[in-house]
Amino acid sequence: MTDTATTPVHRGARLSRTARRAQLLVAARDVFADLGYHAAAMDDIAERAGVSKPVLYQHFPGKLELYRALLTTYADELAERVQHAIGTNADNRDRVHAAVAAYFDFVAGEGQAYRLVFGSDLRGEPEAAAVIDGALTRCIDAVADVVTEDAGLDADRARLLAVGLVGLSQVAAQYWLDTQRCVPRDEAVALMSALAWKGLAGFPLVHD
């Protein structure tokens, strides 16, 4: 998504409907990331976007509908990043590295969009939860299909390994960002992909 709302647009500026919607979604992303769903108000989003509230309501009938649209946009982005990483690499080691990198790049993206997916305070709302769970399922499916095909495991075991890789990537990427990128991005991705690829037994024993 293009950050058309990073700098507020003066009221009355003429945009196409598609461009206006994109602008409003970016403004909403910033407000929800700063305040959370429950504390954010449509007034805050309209002000951030530089539009009147009636203009905002022309595109989204309410805060929940706006949040769902935003959540869907970024959940789809995450799933597409992982699917692309798996689908465009033929070597399994490269696939693991690319899948881990996809998570790191997503959490490091503009506007803390990852917080909407991983840290949503609306997970109890069924439709919001379904969007998030659907995106994670697509990530797991992409990994599980490769494991099933290349490792000869049955579906249940392949899926368990896929859940492990997705969980490792997600938690490590969040920790990396929350600790102010304590390790350079490329090194962090290399460390986590090595762990996923070799397992702990692949690292040398340095203490009895």
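Let me sum up the structure you'll find in this document. On a predicted model such as this, the values are computed, not experimentally measured, just so you know.

**Things to note about the packing of helix α1 (residues 17-35) against helix α4 (residues 63-87)**
Two numbers describe how α1 lies on α4: the axes approach to 10 Å, and their chain directions differ by 95°. Overall, the two elements α1 and α4 adopt an arrangement that is roughly perpendicular. Here Arg 21, Leu 25, Ala 28, Arg 29 and Phe 32 of α1 lie close against α4, whose contacting residues are Lys 63, Leu 66, Tyr 67, Ala 69, Leu 70, Thr 73 and Tyr 74. When its residues are assigned to classes, the contact of α1 with α4 shows eight nonpolar, one polar and three charged.

**Considering the packing of aromatic side chains**
Remark: the centre distance and the inter-plane angle together describe each pair of aromatic rings, the angle taken between the planes. Counted according to the given criterion, the structure contains six aromatic pairs. Residues Tyr 37 and Tyr 67 carry aromatic rings whose centres are separated by 5.1 Å and whose planes lie at 70° to one another, so their mutual orientation is edge-to-face. Remark: Tyr 67 occurs in helix α4 and Tyr 37 occurs in the loop between α1 and α2 (42-49); sequence separation between them is 30 residues. Between Tyr 103 and Phe 118, the ring centres sit 6.3 Å apart and the planes meet at 10°, which makes this aromatic pair stacked. Of the two residues, Tyr 103 is situated in helix α5 (residues 92-107) and Phe 118 in helix α6 (residues 113-118); the sequence distance between them amounts to 15 residues. Note on Tyr 103: relative accessible area 2%, which makes it buried. Judged by its relative accessible area of 14%, Phe 118 falls in the buried class. Sitting above the plane of the Tyr 37 ring, Lys 63 keeps its charged end 4.4 Å from the centroid.

**Here we look at the side chain of Ser 169**
Examined against the element boundaries, Ser 169 turns out to sit in helix α8 (residues 155-178). Each residue touching Ser 169, except ones within four places of it in the same chain, is listed here: Val 100 and Tyr 103.

**Some details on the pattern of salt bridges**
Summed over the entire model, instances satisfying the criterion amount to twelve salt bridges. Where Arg 29 meets Asp 30, a salt bridge forms, and the shortest distance between an N and an O atom there is 3.0 Å. A salt bridge links Arg 48 to Asp 34, with the nearest nitrogen and oxygen atoms 3.3 Å apart. Here Arg 48, found in helix α2, pairs with Asp 34, found in helix α1; they are 14 residues apart in sequence, far enough to count as distant. A relative accessible area of 30% places Arg 48 in the partly exposed class.

**Comments concerning the packing of α1 against α2**
Where α1 meets α2, the axes come as close as 8 Å, and the angle between the chain directions of the two elements is 125°. Considering the angle they form, α1 stands oblique to α2. With respect to the hand of their crossing, α1 and α2 are arranged in right-handed fashion. Mapping the contact onto sequence places Gln 23, Leu 24, Ala 27, Ala 28, Asp 30, Val 31, Phe 32, Asp 34 and Leu 35 in α1 and Asp 44, Ile 45, Arg 48 and Ala 49 in α2. Here the contact of α1 with α2 is built from residues that sort into eight nonpolar, one polar and four charged.

Reading the values: the criteria
Residues numbered from 1 in each chain as written. Predicted model: local features only at pLDDT ≥ 70, side-chain atom pairs only at ≥ 80, totals over all residues. Heavy atoms only, no water. Axes fitted to C-alpha atoms, helices over the stretch in contact; angles between N-to-C directions. Helix = DSSP H or I, 4+ residues; strand = E, 2+ residues; numbered from the N terminus. Parallel < 35°, antiparallel > 145°, perpendicular 65-115°, else oblique. Contact = heavy atoms within 4.5 Å. Nonpolar A, V, L, I, M, F, W, Y, C, P; charged D, E, K, R; others polar. Phe/Tyr/Trp six-rings, centres within 6.5 Å; stacked < 30°, edge-to-face > 60°. Buried < 20%, exposed > 50% of the residue type's maximum accessible area, 1.4 Å probe, protein only. Lys NZ or Arg CZ within 6 Å of the ring centre and 35° of its normal. Salt bridge = Lys/Arg side-chain N within 4 Å of Asp/Glu carboxyl O. Left-handed = near helix turned anticlockwise from the far one by under 90°.

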